[in-house]
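# Summary of structural features
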Amino acid sequence: EDTANFTGQILYSPTVSSVTYLIDTMGNVNHTWPSSYFPGEAVYWLGAGEILRTIKVGVGPGGGGVGGGVQKVEWDGTVTWDFRYNSNGVLSHHDIEPLPNGNVLMIAWETKTYGEAVAAGRNPNTLIGNEFMPDHLIEVAPIGPTSGDIVWEWHAWDHLIQDYDSSKANYGVVADHPELIDLNFGVLPDIQGVDWLHTNSVDYNEEFDQILLSVHHFNEIWIIDHSTTTAEATGHTGGNSGKGGDLLYRWGNPIAYRAGNLSDQQFFGQHDATWIEHDCPGAGNILVFNNGAGRPGEPFSSVDELVPPVNTTGNYALEPGSAYEPGNPVWSY
């Protein structure tokens, strides 16, 4: 019933179309941007008719959500920047985030070998083939028409814990370390053990200088510190949080850090976690499209809004031994 008050336009790139569309609330097409590529997967409005569009380059490792590049495209279709990230075992995928400084955050896979995964403490019975692909983030500063400098990065691989093999790296008590990622947790899809996390969205909070991720195969959202240096992001200290690149907050499936059970799971194959903008109702809250895959009972999709337990300086409250609040979304559609 609120569509009458909705005056904006809708920008989207259908997954299996090379055309990006701008439509009004009645569905009328106002503009299109043709391309040589399918999206991989997101598109963003930069202003003044310019868009930032991911592309499927068709070269590189990975499964669902594959990308490999990002382009800036003018209103008339002119590509002014074409940056590729799809060589040496890495591949960008799913989502990007334009930052206030003009740089771009990108989600990407990196390739570890079977031996590297086992040495880190992964259960070898859940590995297939010789590849294991955790996610990382890069922040790219556009330079030339096809080049960019990677000015910051964060790797999930630097923040692991496991209790499978005491003779391997990262061994510890998972329940005592909600800030770390259990190397042996995660949904095991058809390509089990390869695409481990399947991070499918990235968002940025300028007030706190933090990054929000949707981690599909954990049925969780994560928040990390962006104020770190790349060196600090590899460790557990530094940045505004003092926690380096460790997880500042996680929500949706507390069994992932042994702080709950199946009845506590809230997210089911979710996508598109975003902070609500400062000029909108619920500013600072988090919105997630909760797909509902595997939701108990009759499955359904929902849009869930949650109020994170954060203070004015961007620190998240956690009672030791319990799950992160809130207990439930504040609103769900």
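Before any of the text, the structure's been laid out above.
## Notes on the packing of aromatic side chains
Following the criterion strictly, the structure yields 14 aromatic pairs and no others. Here Phe-185 and Phe-218 contribute two aromatic rings whose centre-to-centre distance is 5.0 Å and whose plane-to-plane angle is 75 degrees, an arrangement assigned as edge-to-face. Of this pair, Phe-185 sits in the loop between strand E15 (181–182) and strand E16 (199–205) while Phe-218 sits in the loop between strand E17 (210–215) and strand E18 (220–225); the two residues are 33 residues apart in sequence, bridging distant segments of the chain. Taken together, Phe-132, Trp-157, Phe-185, Trp-196, Phe-218 and Trp-222 form an aromatic cluster joined through their ring pairs. One Lys or Arg, Arg-295, reaches over the ring of Phe-300 and ends 3.9 Å from the middle of that ring.

## What to know about the sheet that holds E17
Reading across from one edge, E16-E17-E18-E19 is the order of the 4 strands in this open sheet, with antiparallel pairing throughout. Sheet topology places E16 and strand E19 (249–251) at the edges, where each strand pairs with a single neighbour. Direction aside, the axes of adjacent strands within the sheet are offset by 15 degrees on average. Taken together, the 6 bridges between E17 and E18 define a ladder with antiparallel strand orientation. Counted as the bridge partner of Ser-214 is Ile-221 from E18.

## Looking at the environment of Glu-50
Position of Glu-50 among the secondary structure elements: in strand E5 (residues 50–56). As for Glu-50 and Asn-311, which are separated by 261 residues in sequence, their C-alpha atoms are 35 Å apart. Apart from residues no more than four positions distant in its own chain, Glu-50 is found in contact with Tyr-44, Trp-45, Lys-72, Val-73, Glu-74 and Thr-80.

## Details of the layout of surface pockets
The calculated volume of the largest pocket comes to roughly 1800 Å³. If you go around the largest pocket, you meet 48 residues; those closest to its centre are Asp-203, Thr-274, Trp-275, Ile-276 and Glu-277. When contributions to the lining of the largest pocket are tallied by element, the ones reaching two or more residues are strand E1 (10–12), strand E4 (43–47), strand E8 (91–98), E16, strand E20 (271–275), strand E21 (286–290) and strand E22 (302–306). In terms of residues, the lining of the largest pocket owes the most to one element, E16, which gives 6 residues. Looking at the lining of the largest pocket residue by residue, the class counts come to 28 nonpolar, 10 polar and 10 charged. The space that makes up the second largest pocket amounts to roughly 230 Å³. If you go around the second largest pocket, you meet 13 residues; those closest to its centre are Ile-10, Leu-11, Tyr-12, Val-43 and Tyr-44. Counting only elements with at least two residues in the lining of the second largest pocket, the list comes to E1 and E4.

Rules used throughout
- Residues numbered from 1 in each chain as written.
- Predicted model: local features only at pLDDT ≥ 70, side-chain atom pairs only at ≥ 80, totals over all residues.
- Heavy atoms only, no water.
- Phe/Tyr/Trp six-rings, centres within 6.5 Å; stacked < 30°, edge-to-face > 60°.
- Helix = DSSP H or I, 4+ residues; strand = E, 2+ residues; numbered from the N terminus.
- Lys NZ or Arg CZ within 6 Å of the ring centre and 35° of its normal.
- Pairing = 2+ DSSP bridges.
- Axes fitted to C-alpha atoms, helices over the stretch in contact; angles between N-to-C directions.
- Contact = heavy atoms within 4.5 Å.
- 1 Å grid on protein atoms, 1.4 Å probe; cavity = no way out; pocket = protein on both sides within 12 Å on 5 of 7 lines; lining within 4 Å.
- Points joined across faces, edges and corners; volume = space filled by probe spheres on them.
- Nonpolar A, V, L, I, M, F, W, Y, C, P; charged D, E, K, R; others polar.

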